[in-house]
Structure formats: C-alpha cells, structure tokens
Amino acid sequence: MAEHTQYVTLGVADSLFAVPVARVQEILEPQPLAKMPRAPADFLGVIDVRGQGVPVTDLRLRLAMPPAEDTLDTRIIVIEVEIDGDQRKVALRADRVFEVAALDAGSLEPPARMGTRWQADCVAGVGRRNGAFVTVFDLDRLFAADAVAASVVAA
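As the structure is a prediction and not an experimental result, all values here were calculated from the model.

The next subject is the pattern of salt bridges. Applying the stated criterion to the full structure yields 8 salt bridges. For Arg60, the salt bridge is made with Asp95, and the minimal N-O distance between the two is 3.0 Å. One end of the pair, Arg60, is in helix H1 (residues 59-62); the other, Asp95, is in the loop between strand S7 (86-94) and strand S8 (96-104), with 35 residues separating them in the sequence. For the pair shown, Arg60 and Asp95 are each scored as buried. A salt bridge links Arg88 to Asp86; its shortest N-O distance comes to 3.6 Å. Residue classification places Arg88 among the partly exposed positions, given a relative accessible area of 24%. Each member of the salt-bridge network shares a partner with another, and the members are Asp58, Asp70 and Arg93.

Given below as structure tokens:
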C-alpha cells in the first residue's frame, strides 16, 4: 500500500503549492505587522503568535512573483522550519489556503530540469491533486540561507 502524506494546499498567484501538514502550527487571517528596518523585500515584518514574535515571508515575493494586496482569502501559515540546526517558527503569506489533502508520496516527481540555471532546491517534488500540478515545498531549504528568520528573537 502506498504511503500517503497529508499536505496543506495553498495558492499563490495562479500556482498551487503544498506544505506538510505536520509542519503547520496555525493558519491565521492577515494581521498587523511590525516592520523591520532594512529587511529583504519578501520579509513583511513580525507578528505576535501566542506571545512569540514570528517573521512573515511573502511567498509571492520569495518566489519572484509580482506583489499583490491582501484579499478576503489571504492567509498567514505559521510553520516550523530548521534554520542553522535550530527549530524555528516562521510564517508564510499566501493568497489563499485550500484544504488538507493526501498526495501519494510515491508519486512525487522531482522538479523539472530545464538545462538552465533554476533554483529548484526549495522544491521537494511535484505531485497532482484533482488533475492539477501541486508543487511541494522543502520548507527547510526554502529558509536555509534566510538570515532574517534566524535573526528574529522570540518576544
């Protein structure tokens, strides 16, 4: 029997992505952010999550997509990632969150090779859900060299 892993599926622009449900701490509506000076463009600021300062990354900007304003569907997904050997909470701003879905772990394909420079290291694989491609993030690699998340101290 094939192993099924549960994922939270989310939308950014016209693309469908997924993160392992085991890594998701909370899904929140947009809230006020504490802006940080001289931060990278994709680092929106810090939010308070149960008394802890959590950095928020705009997935659109992290993935080199055009920025967009918040809508009624915009969500902030609080996740846990490993940065420099430590477990840390960070948050992702996504255009929308769809559902928790099972993808067949054995059917995940590696990212497409194009023969050109393309940073696909943050992609764990590509699967399908209801006939649509779903890109599964490797969350640790998405934040591997992220000094912003590593430098935010819990409040």
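Turning our eyes to something else, we now look at the packing of aromatic side chains. Enumeration over the complete set of coordinates arrives at 1 aromatic pair. Ring plane angle 10° and centroid distance 4.8 Å describe the contact between Phe17 and Phe137, whose orientation is recorded as stacked. With Phe17 in strand S2 (residues 15-20) and Phe137 in strand S10 (residues 132-137), this pair connects stretches of sequence that are 120 residues apart.

Let us now look at the side chain of Arg60. Judged by relative accessible area, Arg60 falls into the buried class, the value being 11%. Side chain to side chain, Arg60 and Asp95 meet in a polar contact 3.0 Å long. Excluding residues within four positions of it along the chain, Arg60 makes contact with Val12, Ala13, Met65, Pro66, Pro67, Ala68, Arg93 and Asp95.

Before going further, it helps to spend a moment on the pairing of S10. Pairing geometry for S2 and S10, over 2 bridges, is parallel. Considered in S10, the bridge of Phe17 is made with Thr135. Bridging between strand S9 (residues 123-129) and S10 involves 6 bridges; their strand directions are antiparallel. Bridging from a neighbouring strand, Gly125 pairs with Val136 of S10. Hairpin connection between S9 and S10: a loop of 2 residues separates the two successive antiparallel strands, and Asn130 in this loop has a positive phi of roughly 55°.

Basis of the calculations
Residues numbered from 1 in each chain as written. Predicted model: local features only at pLDDT ≥ 70, side-chain atom pairs only at ≥ 80, totals over all residues. Heavy atoms only, no water. Salt bridge = Lys/Arg side-chain N within 4 Å of Asp/Glu carboxyl O. Helix = DSSP H or I, 4+ residues; strand = E, 2+ residues; numbered from the N terminus. Buried < 20%, exposed > 50% of the residue type's maximum accessible area, 1.4 Å probe, protein only. Phe/Tyr/Trp six-rings, centres within 6.5 Å; stacked < 30°, edge-to-face > 60°. Polar contact = N/O pair within 3.5 Å; in protein donor to acceptor, adjacent residues only side chain to side chain. Contact = heavy atoms within 4.5 Å. Pairing = 2+ DSSP bridges.

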